[in-house]
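# Remarks on the overall topology
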Amino acid sequence: MGNASSKKNAGAGGEAEPPPSRFTRFRRRLRHPIHGSGSDLGHVKNLSQQDFAGIVRIEIIQAEMKFKDRWFACLSLGERTFKTETSDQTEKPVWKSEKKVLLETSGPSIARISVFETNKFSKSNLVGYCELNLLDILSQESEDNIDEFQLLDPSSPATTVGIISIRCYVEDPVDTERRFANRVLAVADKNGDGLLSLSEFSELMHAFCSQLTQAKIEELFKEADKNEDGIVDMDELAVLLVHQQEKETLINNCPVCGEDLGKYDNMNDIIHMSLCFDEGTGNQIMTGGFLTDKEASYGWMFKLSEWAHCSNYDVGLRKGSSASHILVYDRRTKRLVEEIIDGKIVLSMRAIYQSTVGLALINAGVKDLLQNLSEKQGKQMSSLESAKDIPKFIEFFQDQINMDEVKYPLEHFKTFNEFFVRELKDGARLIASPERDEIAVCAADCRLMAFDSITESTRLWIKGRKFSIEGLLGKDNCSDSLKNGSLVIFRLAPQDYHRFHVPVSGTVESFVEIPGFLYTVNPIAVNSKYCNVFTENKRVVSIISSPDFGKVAFVAIGATMVGSITFTKKKGDHVRKGDEFGYFAFGGSTVICVFEKDSVQIDDDLLANSNRSLETLVTVGTSLGFSKRISQKE
């Protein structure tokens, strides 16, 4: 994934384990054009033989940093994150921490390794990261499976801050079965010799398979004891468990997590229990149970706040006012990331937008206060003195603002607002299928929610009691086809590139300004039943007439601290998808696109995440969906 790597010689970072005996066969499978990766089978799903590519063992061995500190590393893959132990004070931390994950032929394929510094006097800080495409790594020939990767500066990925060594390979399926059998055998092997007598075998079967009769257990013992020596060794037990689980369910529930087994097939049951046994016995050195590397980096104060129910992590914002961390799904890497927002701001928003007291304050004059505050802040951010805040802003949003893609150097910006509406270098955002106008694209760098209908949007996301398409667009802009159409919400956070772009090719028919207030567009407010953010905020509605999609309403919505909405196109202009359409001044803000009924088929992954009340992190120009009208004609 753009991180330079090189193969280390055998023996580096500790004695290398020999590669699995069936590694070459796995590599052949991985060379096929598949999109896949791994995540633990903690929540088991039905994998077919075609979907299963193997169990991957990832070991974070060591790193070389540029200064001394106490270090730990996090491995993030899909919706799971794992953490190493913290090293001693050193510039060359050694962890040798391993994690086994399931590699699939569909799902996330990019693993992220994040390295944090920590000490007694400061919180954990992200210093460097790298991204690994597991499929690329596992397709390469190597004697010891060890790679070296450059650790990149989160604020400037062109800058290297260290080097990290990682071992990664696919586990032999026979080795997986033997490891599983070894875990099971250890339950009843009282003397630790790796052998089971009939009495020990019976104890084992009763522990895992209470429904078996003694006669059946003796029959299984004889079946396993191939050499008829009166004992069952690990290899014989592995063969028995695999074959028996395939013929009939031998173990009904996973002994570690309690998950029902036998729902799918032998392969899924063995994989599930293999991964669970490794976690349950502490065999893995890496600690799990985290959703993001940010969560894994928090110390004991955060754990205390979780215990006291002051903080919580959850996917989406179904819990409204109880949400203290906003998690979004990164479409590119297919993993969860945490949105950075000051904790005091979260508490303030919850107090104002998620309670009847807050509603009373809003009605008593908070609306005017937010308006005045936004206007005053807007003027301040356009002053020459505001430029000194730019470096602090970049540092606060470390890892979420990439200065390498900004068109002009930092010294070019004379005010904060000049930086806020920064342009990007040519080619920084690629447009999906640029020659195919029947493909719609995302209008902004943002967190996206998409719904096929207004009913779905209010059921899953927008909780304002008076929300409607007519209220959003105004009566003059709202046709029946738009009123019953599809809705896409593009929410821009302060750290985002704040220029918005055209989602479809066509002609700009009109611009209509609708006055209003300046509530925050943060999900805490959008999910609130006490206010109607999108239909009460200041906004500009533009109608784009597209040969492929019909009428598309493009609504630019102001928010707290956003005093101005500027369009760079005018009425009558012909626009191509991906063209710049305008920008917001300082603050968070939102664009909503409304498509006519049955005009667009939104991409499946965007709809699936939205159905979970989970925003998807996207960039300008990535695919949004395709025209149903064109596909129907064809």
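Residues numbered from 1 in each chain as written. Predicted model: local features only at pLDDT ≥ 70, side-chain atom pairs only at ≥ 80, totals over all residues. Heavy atoms only, no water.

## Thoughts on the overall build of the protein chain
Counting secondary structure elements, the protein chain contains 20 helices and 29 strands. Expressed as a percentage of its 634 residues, the buried residues of the protein chain come to 54%. Within the protein chain, residue pairs in contact and separated by at least 24 positions form 73% of the contacts whose partners lie at least 6 positions apart. On the protein chain, roughly 27500 Å² of surface is accessible, and the fraction owed to carbon and sulfur atoms is 50%. (Helix = DSSP H or I, 4+ residues; strand = E, 2+ residues; numbered from the N terminus. Buried < 20%, exposed > 50% of the residue type's maximum accessible area, 1.4 Å probe, protein only. Contact = heavy atoms within 4.5 Å. Areas by Shrake-Rupley, 256 points an atom, 1.4 Å probe, with all protein chains shown as cover.)

## Section: the side chain of T81
Note that T81 resides in strand 5 (residues 80-83). Judged by its relative accessible area of 1%, T81 is buried. Polar side-chain contacts of T81 include one of 2.9 Å to the side chain of S76. A polar side-chain atom of T81 sits 3.3 Å from the main-chain carbonyl oxygen of L291. (Polar contact = N/O pair within 3.5 Å; in protein donor to acceptor, adjacent residues only side chain to side chain.)

## Remarks on the packing of helix 3 (residues 173-188) against helix 4 (residues 198-208)
Axis angle and axis distance: for two packed helices, these are the angle between their axes and the distance between the axes, and together they describe the pair. One can describe the packing of helix 3 onto helix 4 by two numbers: an axis separation of 8 Å at closest approach and a directional angle of 110°. One way to sum up the angle between helix 3 and helix 4 is to call them roughly perpendicular. Residue-level contacts link V184, V187 and A188 of helix 3 to E200, L204 and F208 of helix 4. Of the residues that constitute the contact of helix 3 with helix 4, the class distribution is 5 nonpolar, no polar and 1 charged. (Axes fitted to C-alpha atoms, helices over the stretch in contact; angles between N-to-C directions. Parallel < 35°, antiparallel > 145°, perpendicular 65-115°, else oblique. Nonpolar A, V, L, I, M, F, W, Y, C, P; charged D, E, K, R; others polar.)

## Section: the confidence of the model for the protein chain
Taken as a whole, the protein chain shows an average pLDDT of 80; of its residues, 75% reach a score of 70 or greater. Long-range and interchain partners of residues 304-311, a stretch whose pLDDT sits below 50, account for 10 contacts in this model, where long-range means more than four residues apart. (pLDDT = per-residue confidence, 0-100.)

## Here we look at the environment of K66
Residue position: K66 is located in the loop between strand 3 (52-65) and strand 4 (70-77). Judged by its relative accessible area of 60%, K66 falls in the exposed class. Every residue in contact with K66, bar those within four places of it in the chain, is listed here: T160 and V161. A polar atom in the side chain of K66 sits 2.9 Å from the backbone oxygen of T160.

## Regarding the sheet that holds strand 24 (residues 574-575)
Two modes of strand pairing occur in sheets, parallel and antiparallel, and in both the strands are linked by backbone hydrogen bonds. Within the open sheet, the 10 strands sit side by side as 15-14-28-17-18-26-22-21-20-24. Their pairing is mixed. In the strand order of this sheet, the two ends are held by strand 15 (335-338) and strand 24, each with one partner. Summarising the sheet, strand 21 (residues 539-546) and strand 22 (residues 550-557) pair through 8 bridges and their orientation is antiparallel. If you follow S546 over to strand 22, its bridge partner there is G550. Across the sheet, helix 19 (residues 604-611) lies against strand 14 (327-330), strand 17 (446-451) and strand 28 (616-618), angled at about 90° from strand 17, the strand it touches most. (Pairing = 2+ DSSP bridges.)

## Quick notes on the nonpolar core
Nonpolar side chains tend to gather and get buried jointly when the protein is soluble and globular. L448, F490, F500, F554, F595 and L624 are the most contacted members of the largest nonpolar core, which has 34 residues in total. Counting 31 residues, the second-largest nonpolar core is a separate cluster that includes I58, L77, F82 and L138. (Core = buried A, V, L, I, M, F, W, Y, C linked by side-chain atoms within 4.5 Å.)

## A short note on the sheet that holds strand 29 (residues 623-627)
Read from one edge to the other, the open sheet built from 3 strands follows the order 16-29-27, with strand pairing classed as antiparallel. Both edges of this open sheet fall to strand 16 (439-441) and strand 27 (600-602), since each of them pairs with a single strand only. For this sheet, the mean inter-axis angle between neighbouring strands, taken without regard to orientation, is 30°. Examined bridge by bridge, strand 16 and strand 29 share 3 bridges and lie antiparallel to one another.

## Remarks on the pattern of salt bridges
A side chain with one charge can pair with a side chain of the opposite charge if their charged atoms come near. Enumeration over the complete set of coordinates arrives at 26 salt bridges. R447 serves as the salt-bridge partner of E339, at 3.1 Å between the closest nitrogen and oxygen. Placement of E339 in the loop between strand 15 and helix 10 (343-353) and of R447 in strand 17 is noted, with a sequence separation of 108 residues between them. Here E339 and R447 have matching classes, each one buried. The structure contains a network of salt bridges with shared partners spanning E339, R447, R491, D496 and E615. (Salt bridge = Lys/Arg side-chain N within 4 Å of Asp/Glu carboxyl O.)

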